[in-house]
Amino acid sequence: MTQDLFRQDAYLRECSATVVSIGEQGIVLDRTVFYPLGGGQAGDSGVLVLADGSEIAIADTRKGKDAEGHFTDEICHQGAPEMHEALSKLKQGDAVTARVDWERRHRLMRFHTTTHLLCHLVPQLVNGCSITPDYARLDFNMTDPLDKDELTAGIARLVAAAHPVAVGSISDEELDANPALVKSMSVQPPRGSGFVRTIRIGTATADAVQVGGEQMIDYQPCGGTHVANTAEIGAVVVTKIEKKSATTRRVVLGFAPAGT
Ligand SMILES: [Zn+2]
């Protein structure tokens with residue numbers, strides 16, 4: 001298995017690691033700071049630095065899959081196509097430094113936390129989500145129209161309030177007892193280990209499962225990488241609202257141009 005260091009500390013930019021295997025799905029390390037595509041969030045890119053100082057560019061990161069197509073607990077770093085020759089130098093047991101493209105990842109973190117703010121501003125179930133370095137979109141299962149400027153102002157207010165963002169966990173039983181915590185119809189929280197990772201925005205000190213506390217902004221199961229405080233999101237705006245279907249409203253997020 002690959003130890004997923006980014007789940008406890010999303011701010012780790014690099015780590016030393018050992019090559020476990022190299023295969024069709026990519027390079028598997030014993031530990032990594034690279035987030036694999038999942039929960040709507042794009043996989044990380046970056047470089048693996050070899051012992052001789054040379055670098056292998058990583059274009060994307062995915063969860064490993066077994067022969068039946070089920071996810072394994074391995075994380076696969078996919079070498080960029082032009083890295084074919086460099087890859088052939090790499091072998092099992094090699095020591096590398098895994099370094100994520102931090103500028104890109106930080107944009108993903110800012111967007112991901114903003115999508116959780118949207119869950120607070122639009123208390124409806126989510127039936128689609130995509131977070132990329134350049135834009136993010138969240139689909140709500142609803143028929144009422146949404147106002148672009150109102151949502152942008154709502155995001156700005158929550159960013160200005162500088163709410164802390166905390167990683168936690170909830171037991172499968174607690175989650176089963178509080179099904180309303182799951183806001184997504186399309187992504188189910190990963191079960192099996194007995195606990196599910198959670199992201200809490202806001203300073204409520206009440207028991208984690210008590211949603212609706214005065215300062216509680218959002219609390220939900222999530223495996224993604226987030227900023228530590230909403231202030232770090234900066235200038236994210238709603239660029240578009242689309243009516244994807246009779247029962248789906250899509251909110252598209254983007255970065256406001258610098259200086260606005
Ligand atoms: Zn999330």
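Here the structure is shown first, and the text comes after it.
## Observations regarding the overall build of the chain
- Of regular secondary structure, the chain possesses four helices and 15 strands.
- Computed over C-alpha atoms, the radius of gyration of the chain comes to 19 Å, within 12% of the 18 Å expected from 2.2 N^0.38 for 260 residues, which places it in the range of a compact globule.
- In terms of overall dimensions, the chain has C-alpha extents of about 55 × 45 × 35 Å along its principal axes.
- Contacts in the chain between residues at least 24 apart in sequence constitute 66% of all its contacts with a sequence separation of at least 6.

## Notes on the pairing of strand 5 (residues 46-50)
- The sheet contact formed by strand 5 and strand 6 (residues 55-65) spans four bridges and is antiparallel. The residue bridging Val 47 from the neighbouring strand is Ala 57, located in strand 6.
- Between strand 5 and strand 6, which follow one another and run antiparallel, lie four residues, and Gly 53 among them has a positive phi close to 90°.
- Here strand 5 runs beside strand 8 (residues 95-100); their pairing, made up of five bridges, is antiparallel. Opposite Leu 48, over in strand 8, you have Ala 98 as the bridge partner.

## Some points on the sheet that holds strand 10 (residues 136-141)
- One open sheet accounts for four strands, arranged 9-10-15-14; its pairing is antiparallel. Every interior strand has two partners, whereas the edge strands, strand 9 (126-131) and strand 14 (236-245), have only one. The mean angle between the axes of side-by-side strands here comes to 15°, regardless of whether they run parallel or antiparallel.
- Both strand 10 and strand 15 (residues 248-255) contribute to a ladder of six bridges, which runs antiparallel. Pairing of Leu 138 across the sheet is with Val 251, part of strand 15.
- Against the sheet, helix 3 (residues 148-160) touches strand 14 and strand 15, its axis set at about 140° to strand 14.

About the criteria used
Residues numbered from 1 in each chain as written. Predicted model: local features only at pLDDT ≥ 70, side-chain atom pairs only at ≥ 80, totals over all residues. Helix = DSSP H or I, 4+ residues; strand = E, 2+ residues; numbered from the N terminus. Rg over C-alpha atoms; globule rule 2.2 N^0.38 Å. Contact = placed C-beta atoms within 7 Å. Pairing = 2+ DSSP bridges. Axes fitted to C-alpha atoms, helices over the stretch in contact; angles between N-to-C directions.

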